[in-house]
Amino acid sequence: MIDPRQFRDVLGAYPTGVCVITALSESGERFGLVVGSFTSISLDPALVGFFPDKRSGTWPKIEATGRFCVNVLGADQLSLCRRFAARAEDKFAELAHSLSPAGLPVLDNAIAWIDCTIERVTEVGDHWLVVGAVEALGKEGAGNPLLFFRGQYHDLALLVD
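Residues numbered from 1 in each chain as written. Predicted model: local features only at pLDDT ≥ 70, side-chain atom pairs only at ≥ 80, totals over all residues. Heavy atoms only, no water.

Colleague: Run through the overall build of the chain, naming residues and quoting values.
Modeller: Along the backbone of the chain there are four helices and twelve strands. Taken against the 2.2 N^0.38 rule, which gives 15 Å for 161 residues, the C-alpha radius of gyration of the chain at 15 Å falls within 12% of a compact globule. In terms of overall dimensions, the chain has a C-alpha envelope of 45 × 40 × 35 Å along the principal axes. Scored against the burial criterion, the 161 residues of the chain give a buried share of 35%. The contacts in the chain between residues at least 6 apart in sequence include a share of 61% that link residues at least 24 apart. About 9700 Å² of surface is accessible on the chain, with carbon and sulfur atoms providing 53% of the total. On the chain, the mean spot of the 14 positive side-chain charges and the mean spot of the 20 negative ones are 5 Å from each other. (Helix = DSSP H or I, 4+ residues; strand = E, 2+ residues; numbered from the N terminus. Rg over C-alpha atoms; globule rule 2.2 N^0.38 Å. Buried < 20%, exposed > 50% of the residue type's maximum accessible area, 1.4 Å probe, protein only. Contact = heavy atoms within 4.5 Å. Areas by Shrake-Rupley, 256 points an atom, 1.4 Å probe, with all protein chains shown as cover. Lys, Arg positive; Asp, Glu negative; His and termini not counted. Charge placed at Lys NZ, Arg CZ, Asp CG, Glu CD.)

Here it is in structure tokens:
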């Protein structure tokens, strides 16, 4: 049996980017959740993936829409990360954002966004593997990404000695 604390400590030595996955229901309700597990899966066809926790109350709402938008957070967007990681009735209240070509929320100043339809969802341990087929994407700026490394959030520029 692997000790969960040691597992987190060892894997914490690998930095990950931080994204907010957004969606919009048919009734216009907006949803968002933070993930540190976003990855590119395939170039042809263009597929991406992420791993929401099975305990997430937001993921089933996003899954029910059949689509999502990945918002890659910049190093200066830690407050957005905390906002979407917290439990709140409306995480978008008074929050500036635009809409992607698919009509999904794109957070202002996100450094990149990726519109996807849900290709498949697979149970893996205590998480889901969500595979998305990329429909549209864009890069909004040249800023540094927000990183999660050794249990803390960082700016890439500050990690370079």
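Further notes follow.
Colleague: Describe a nonpolar patch on the surface, with residues and values.
Modeller: On the surface, a nonpolar cluster with roughly 410 Å² of combined accessible area is contributed by Ile2, Phe7, Val10 and Leu11. Looking at the secondary structure, you find Ile2 in the segment before helix 1 (4-11). Taking relative accessible area as the criterion, Ile2 reaches 59% and is therefore assigned exposed. (Patch = residues over 30% accessible without salt bridge, like charges linked within 9 Å, V, L, I, M, F, W, Y side chains within 5 Å. Salt bridge = Lys/Arg side-chain N within 4 Å of Asp/Glu carboxyl O.)

Colleague: Now, about the pairing of strand 9 (residues 112-124): what can you tell me, with residues and values included?
Modeller: Judged from the six bridges that link them, strand 6 (residues 67-72) and strand 9 form a sheet pairing that is antiparallel. Residue pairing in the sheet places Phe68 in a bridge with Cys116 of strand 9. Looking at chain direction, strand 9 and strand 10 (residues 127-139) are connected through twelve bridges and run antiparallel. Bridging across to strand 10, Trp113 finds its partner in Gly138. Hairpin connection of strand 9 to strand 10: two residues between the antiparallel strands, including Gly125 at a positive phi of 60°. (Pairing = 2+ DSSP bridges.)

Colleague: Got a sec to walk through the UniProt feature "domain: Flavin reductase like" (unreviewed entry) in the chain? Specific residues and values, please.
Modeller: Those places that UniProt annotates as "domain: Flavin reductase like" (unreviewed entry) correspond, in this numbering, to residues 11-155. The span residues 11-155 is 11% helix and 47% strand, and its two end C-alpha atoms sit 19 Å from each other. (UniProt positions renumbered as here; feature names shortened; annotations may be inferred.)

Colleague: Lay out the packing of aromatic side chains in plain terms, naming residues and giving numbers.
Modeller: A complete count under the given rule lists three aromatic pairs for this structure. Their ring planes at 85° and their centres at 5.7 Å tell us that Phe50 and Trp59 sit as a pair that is edge-to-face. Classification of Phe50 as buried rests on a relative accessible area of 0%. Relative to Phe92, the ring of Phe84 has its centre 5.1 Å away and its plane inclined at 75°; by these criteria the two rings are edge-to-face. No difference in accessibility class separates Phe84 from Phe92, as the two residues are buried. Here the aromatic residues Phe50, Trp59 and Phe68 are joined through ring pairs into a cluster of three or more. (Phe/Tyr/Trp six-rings, centres within 6.5 Å; stacked < 30°, edge-to-face > 60°.)

Colleague: Just give me the short version of the pattern of salt bridges, but keep the residues and values in it.
Modeller: With the rule as written, the count across this model stands at four salt bridges. Taking the shortest distance from any N to any O, the salt bridge between Arg55 and Asp53 comes out at 2.9 Å. Note on Asp53: relative accessible area 22%, which makes it partly exposed. With its nearest N and O atoms 2.4 Å apart, the salt bridge here joins Glu123 to Lys54. You can see Glu123 sitting in strand 9 and its partner Lys54 sitting in the loop between strand 5 (47-50) and helix 2 (59-65), a full 69 residues away along the chain. According to the relative accessible area criterion, Glu123 is exposed, its value standing at 52%. Given the relative accessible area of 30%, Lys54 is considered partly exposed.

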